[in-house]
Amino acid sequence: MCVSLYRTAALLDVCHAPAACPISADKQAAQNKLDREFGWMVDPLLTGRYPESMRQALGDDLPRFTEKQKAQLKGSIDFLGINIYTARWVWHNPDKPFGWKESSRDKEGVPIGEQGGATWLYNVPFAMGNVLRYVGEKYNRQETWITEFGTGITGEGAWTGNQVLNDSYRTKFYSGYLNSACDAIKKYKLNVPMIFAWSL
């Protein structure tokens, strides 16, 4: 008997994109960002088609799958792997190429979270749970792994001794994201068997 040990997966980065204001234009802008940066790759593999917002925006410039191709694509991966680090507010802006503006600060200039060791990296625990919920509800509880999440800290390369051992910021980051993931998995009955931390 031959037993296959291989499984197929799609691995993508995803930046949580909450609407900056609870109005329909900002909500649609946030969805459009997710569709273009995440759904563009994932939707064909799990649903056999591109996101509707992309179809409406690009029309015939977006390839169309034959029925045979749709059948071959749909369900062609065993699980979905996502890397998630942070979030950015999104609001509608018709002057931008894709109709939205995004920022790590809200309209009053308040950061979305505490900044880590990179200009783009903010500690936003709710991003983890919200992304897992979104993926689970949109894709029918598809098996999903968190393949990367983590943070750096400015100046940590020079740390020694107790500074390395008493890494309170990274402890806060990981506990916040893991608690957010666990809450979402339990509340929404999500299929998330693996979570891996990024570290160097």
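Look up a bit, the structure's there.
Residues numbered from 1 in each chain as written. Predicted model: local features only at pLDDT ≥ 70, side-chain atom pairs only at ≥ 80, totals over all residues. Heavy atoms only, no water.

Caption draft 1: Geometry of the overall build of the protein chain. The secondary structure content of the protein chain amounts to 6 helices and 8 strands. Order of helices (α) and strands (β) in the protein chain, N terminus to C terminus: β-α-α-α-β-β-β-β-β-α-β-α-α-β. Viewed in the frame of its principal axes, the protein chain has a C-alpha envelope of about 60 × 60 × 30 Å. By residue count, 42% of the 200 residues in the protein chain fall in the buried class. In the protein chain, the share of contacts with a sequence separation of at least 24, taken over all contacts with a separation of at least 6, comes to 69%. With the model as given, the accessible surface of the protein chain reaches about 11,800 Å², and the carbon-plus-sulfur share is 54%. Both charge centroids of the protein chain, one from 23 positive and one from 21 negative side chains, sit 4 Å from each other. (Helix = DSSP H or I, 4+ residues; strand = E, 2+ residues; numbered from the N terminus. Buried < 20%, exposed > 50% of the residue type's maximum accessible area, 1.4 Å probe, protein only. Contact = heavy atoms within 4.5 Å. Areas by Shrake-Rupley, 256 points an atom, 1.4 Å probe, with all protein chains shown as cover. Lys, Arg positive; Asp, Glu negative; His and termini not counted. Charge placed at Lys NZ, Arg CZ, Asp CG, Glu CD.)

Caption draft 2: Quick peek at unusual backbone geometry. Positive phi, normally seen in glycine, also occurs at Asn140, with a value near 60 degrees. Looking at where Asn140 falls in the secondary structure, it is placed in the loop between helix H4 (126–138) and strand E7 (144–148).

Caption draft 3: The environment of Tyr177, seen in detail. Tracing the chain through its elements places Tyr177 in helix H6 (residues 168–188). Spatially, the C-alpha atoms of Tyr177 and Ala57 are 34 Å apart, while their sequence positions differ by 120 residues. Those residues within four positions of Tyr177 in sequence are excluded, and the remaining contacts are Tyr85, Thr86, Tyr122, Asn123, Val124, Pro125, Met128 and Phe149. Within the local environment of Tyr177, its side chain forms a polar contact with the backbone nitrogen of Val124, the two atoms lying 3.0 Å apart. (Polar contact = N/O pair within 3.5 Å; in protein donor to acceptor, adjacent residues only side chain to side chain.)

Caption draft 4: Structural view of the side chain of Ser180. With respect to the helices and strands, the residue Ser180 is situated in helix H6. On the basis of relative accessibility, which here comes to 15%, the residue Ser180 falls in the buried class. Apart from the residues lying within four places of it in its own chain, the contact partners of Ser180 are Pro125, Phe126, Met128 and Gly129.

Caption draft 5: Fine view of the packing of H4 against H6. The geometry of H4 relative to H6 is characterised by a closest axis approach of 7 Å and an angle of 30 degrees between their N-to-C directions. Put simply, H4 runs roughly parallel to H6. The handedness of the crossing between H4 and H6 comes out as right-handed. Contacts from Phe126, Met128, Gly129, Leu132, Arg133 and Glu137 in H4 reach Tyr177, Ser180, Ala181, Ala184 and Tyr188 in H6. Looking at the contact of H4 with H6, its residues break down into 7 nonpolar, 2 polar and 2 charged. (Axes fitted to C-alpha atoms, helices over the stretch in contact; angles between N-to-C directions. Parallel < 35°, antiparallel > 145°, perpendicular 65-115°, else oblique. Left-handed = near helix turned anticlockwise from the far one by under 90°. Nonpolar A, V, L, I, M, F, W, Y, C, P; charged D, E, K, R; others polar.)

Caption draft 6: Geometry of the packing of helix H1 (residues 24–47) against H4. H4 packs onto H1 with a crossing angle of 55 degrees between their chain directions and a minimal axis gap of 13 Å. Considering their axes alone, H1 and H4 lie oblique with respect to each other. The element H1 and its partner H4 pack so that their crossing is right-handed. Here Gln31, Leu34, Asp35, Phe38 and Asp43 of H1 come into contact with H4, specifically with Tyr134, Val135 and Lys138. In terms of residue class, the contact of H1 with H4 is made up of 4 nonpolar, 1 polar and 3 charged.

Caption draft 7: Representation of the pairing of strand E1 (residues 9–13) in the model. Covered by surrounding structure in E1 are Ala10 and Leu12 only, the residues Ala9, Leu11 and Asp13 on the alternate face being uncovered. Bridge count between E1 and strand E2 (residues 79–83): 5 bridges; the pairing is parallel. Its bridge partner lying in E2, Leu12 is registered against Ile82. (Pairing = 2+ DSSP bridges.)

Caption draft 8: How the structure looks around the nonpolar core. Phe38, Leu80, Ile82, Met128 and Leu132 are the most contacted members of the largest nonpolar core, which totals 39 residues. Those elements giving two or more residues to this core turn out to be E1, H1, E2, strand E3 (89–92), H4 and H6. Counting residues per element, this core draws most heavily on H1, at 7 residues. Leaving out residues up to four positions away in the same chain, Met128 has contacts with Ile84, Ile146, Phe149, Tyr177, Ser180 and Ala181. (Core = buried A, V, L, I, M, F, W, Y, C linked by side-chain atoms within 4.5 Å.)

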